[in-house]
Amino acid sequence: ECTGNGALACLARGYRADAALIPEPFAETLVSAQVGVLWFQVHLKGLPTHVAYAGKGANAIEAAPAIFAALHALEHRWNAPARRSPDFASHDHALNLNIGRIRGGDWTSSVPAWCVFDVRMGVFPGQDLTEARAEITETVMAAARDIPFLRNALPEIVWHGFAAEGYALAQDRSPTASAAIRTLEGAHLAVTGAELIRAPITATTDARFFGLYADTPALVYGPRAEAIHGFNERVELESVRRVTQATALFIADWCGLEVI
C-alpha cells in the first residue's frame with residue numbers, strides 16, 4: 001500500500017511480461033494516466049518555556065499553519081492550466097496536497113519546542129521529481145523566513161516513503177500497448193455490453209513501475225469502489241463479478257488457451 005516496493009522487487013528479480021493488468025478499483029474504467037506522489041516531513045523548531053512566560057518562547061506548532069498556506073499556494077500554481085500535463089488538461093485540480101499527520105510538543109503547559117507534519121503532494125506525468133523537490137523546499141523556506149523565530153532555525157525537510165513519478169498509458173504508442181488495450185476492450189464489451197471508458201486518475205498505482213522502468217504497458221482496470229481510504233471502504237460485489245469475468249476473458253485471449 002505504501003511505496004509499491006513489492007512490484008518493484010518483482011521487476012528487480014527479473015520477472016518480465018508483455019503487459020500487466022492491475023485490478024485497482026477505479027470504476028470499471030481503463031486508467032489512461034495517473035499522477036505521481038511525493039511524501040515528505042517538515043520539522044519545525046521552537047523555543048520552549050513555561051506557559052506563564054509564553055511571550056518569551058516560540059511555539060513550533062503555531063508556526064505550522066503558515067507553512068501549510070504556502071504549500072497550498074504551491075499546489076494551486078502547479079494545477080494552473082499552463083503547468084498541467086496534457087493527459088490532465090481538462091482536470092481543474094488533479095494534484096492534491098494533503099497534510100496527513102501532525103504532532104509536536106511535550107507537555108500541555110510548556111510552549112512546544114518542536115512540531116513535525118507529514119505531507120503528500122501529487123505530481124504530473126513527466127514532471128521531474130528533483131525539480132519538484134527543489135520547488136517545495138524553496139516554498140517551505142520562504143514561508144519560514146517570514147516567521148521571525150524560524151529565520152535562524154529554518155525547517156528541516158525529510159523525504160521519505162513515496163517518490164513516485166506519474167505514468168500515462170495514453171502516451172504509450174507501442175504495438176504491444178495497443179494490442180493489450182484492444183484485448184481488454186473486447187473482454188469488457190463481451191461482459192458488460194458497453195465500451196470501455198478511458199480516464200485519468202488523481203492517485204498513483206504500481207503501474208508506473210511496469211510502464212516506466214520495464215517497458216511493459218500497464219493496464220489498470222478494477223471494480224467500482226466507495227469511500228477509498230475512508231470509513232467503510234468497500235467495493236460493489238456485482239462490479240467485482242463483472243471485472244473478474246472480463247479479466248478471465250482478457251487472460252484467455254491475451255495468453256491463449258491449450259486444449260488439455
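Only a predicted model underlies this, so the values are computations on that prediction, with no experimental measurement involved. (Residues numbered from 1 in each chain as written. Predicted model: local features only at pLDDT ≥ 70, side-chain atom pairs only at ≥ 80, totals over all residues. Heavy atoms only, no water.)

S.K.: Looking at this structure, I do not really get the overall build of the chain. What am I missing?
M.R.: Counting secondary structure elements, the chain contains seven helices and 10 strands. If one aligns the C-alpha atoms of the chain with their principal axes, the spans along those axes are about 80 × 40 × 35 Å. The 260 residues of the chain split such that 40% are buried. Sequence-distant contacts in the chain: of pairs separated by 6 or more residues, those separated by 24 or more amount to 78%. Here the chain contributes 21 positive and 28 negative side-chain charges, whose respective centroids are spaced 6 Å apart. (Helix = DSSP H or I, 4+ residues; strand = E, 2+ residues; numbered from the N terminus. Buried < 20%, exposed > 50% of the residue type's maximum accessible area, 1.4 Å probe, protein only. Contact = heavy atoms within 4.5 Å. Lys, Arg positive; Asp, Glu negative; His and termini not counted. Charge placed at Lys NZ, Arg CZ, Asp CG, Glu CD.)

S.K.: Looking at this structure, how should I read the environment of Glu236?
M.R.: Within the secondary structure layout, Glu236 lies in the loop between strand S10 (234-235) and helix H7 (237-255). Among the residues examined, Glu236 registers a relative accessible area of 36% and is labelled partly exposed. For the pair Glu236 and Ala27, spaced 209 residues apart in the sequence, the C-alpha separation amounts to 9.4 Å. Residues contacting Glu236, with those up to four places away along its chain left out, are Arg224 and Arg242.

S.K.: What exactly am I supposed to notice about the environment of Glu195 here?
M.R.: Inspection of the secondary structure puts Glu195 in the loop between helix H5 (175-192) and strand S7 (198-201). A relative accessible area of 63% places Glu195 in the exposed class. For the pair Glu195 and Glu185, spaced 10 residues apart in the sequence, the C-alpha separation amounts to 6.9 Å. Aside from chain neighbours lying at most four places away, what touches Glu195 is His188 and Leu189.

S.K.: It is not clear to me how the packing of H5 against H7 should be interpreted in this structure. Could you clarify?
M.R.: Geometry of a packed helix pair, given as the angle between the helix axes and the separation of the axes. Viewed as axis vectors pointing N to C, H5 and H7 meet at an angle of 135°, and their least axial separation amounts to 8 Å. By the angle between their axes, H5 is oblique relative to H7. The interaxial crossing formed by H5 with H7 has right-handed handedness. Of the residues in H7, those touching H5 at Thr176, Ala179, Ala180, Thr183, Leu184, Ala187, His188, Ala190, Val191 and Thr192 are Arg242, Gln245, Ala246, Leu249, Phe250, Asp253 and Trp254. Here the contact of H5 with H7 is built from residues that sort into 10 nonpolar, five polar and two charged. (Axes fitted to C-alpha atoms, helices over the stretch in contact; angles between N-to-C directions. Parallel < 35°, antiparallel > 145°, perpendicular 65-115°, else oblique. Left-handed = near helix turned anticlockwise from the far one by under 90°. Nonpolar A, V, L, I, M, F, W, Y, C, P; charged D, E, K, R; others polar.)

S.K.: Just checking my understanding: could you explain the packing of aromatic side chains for this structure?
M.R.: Aromatic rings in a pair are described by how distant their centres are and how their planes are angled relative to each other. Across all of its chains, the model carries six aromatic pairs by this definition. Aromatic side chains Phe68 and Phe117 sit 4.8 Å apart centroid to centroid with 90° between the ring planes, which places their arrangement in the edge-to-face category. Placement of the pair is Phe68 in helix H2 (residues 60-78) and Phe117 in strand S5 (residues 114-123), with a sequence separation of 49 residues. Overall, the relative accessible area of 0% leaves Phe117 in the buried class. (Phe/Tyr/Trp six-rings, centres within 6.5 Å; stacked < 30°, edge-to-face > 60°.)

S.K.: Even after reading the chapter, I still don't get the sheet that holds strand S4 (residues 97-104), so can you show me in this structure?
M.R.: Strand order in the open sheet formed by four strands is S4-S5-S3-S6, and the pairing between neighbours is antiparallel. Lying at the two open borders of the sheet, with one neighbouring strand each, are S4 and strand S6 (156-164). Each strand of the sheet is rotated relative to its neighbour by a mean of 15°, with strand direction disregarded. Bridging between S4 and S5 involves seven bridges; their strand directions are antiparallel. From the neighbouring strand, Asn98 faces S5, where its bridge partner is Arg120. Where H2 meets the sheet, it contacts strand S3 (36-45), S4 and S5, and its direction lies at approximately 10° from that of S5. Relative to the sheet, helix H3 (residues 129-145) contacts S3, S5 and S6, its axis offset from that of S6 by approximately 150°. (Pairing = 2+ DSSP bridges.)

S.K.: Hey, could you run me through unusual backbone geometry in this one?
M.R.: With glycine set apart, most residues show a phi of negative sign, and most peptide bonds adopt trans. One non-glycine residue, Ala27, lies in the positive phi region at around 65°. Considering the arrangement of structural elements, one finds Ala27 in the loop between strand S1 (20-22) and strand S2 (30-34). Residue Ala27 is classed as partly exposed on the basis of its relative accessible area, which comes to 31%. Of note in this structure, Asp215 is not a glycine but carries a positive phi near 50°. Here Asp215 shows up in the loop between helix H6 (207-213) and strand S8 (218-220).

S.K.: Sorry, what's going on with the nonpolar core here?
M.R.: If you look at soluble globular proteins, the nonpolar side chains tend to sit buried side by side. Counting 36 residues, the largest nonpolar core has Phe40, Leu44, Leu71, Trp78, Phe117 and Ile136 as its most contacted members. Those elements that provide at least two residues to this core are S3, H2, S5 and H3. The element contributing the most residues to this core is H2, with nine residues. With near-sequence residues (within four places) excluded, Leu44 lies in contact with Ala60, Ala63, Ala64, Ala113, Trp114, Cys115, Phe117, Leu150 and Pro155. In terms of nonpolar packing, the next biggest core, distinct from the first, is built from 27 residues, Leu30, Val31, Ala187 and Val243 among them. (Core = buried A, V, L, I, M, F, W, Y, C linked by side-chain atoms within 4.5 Å.)

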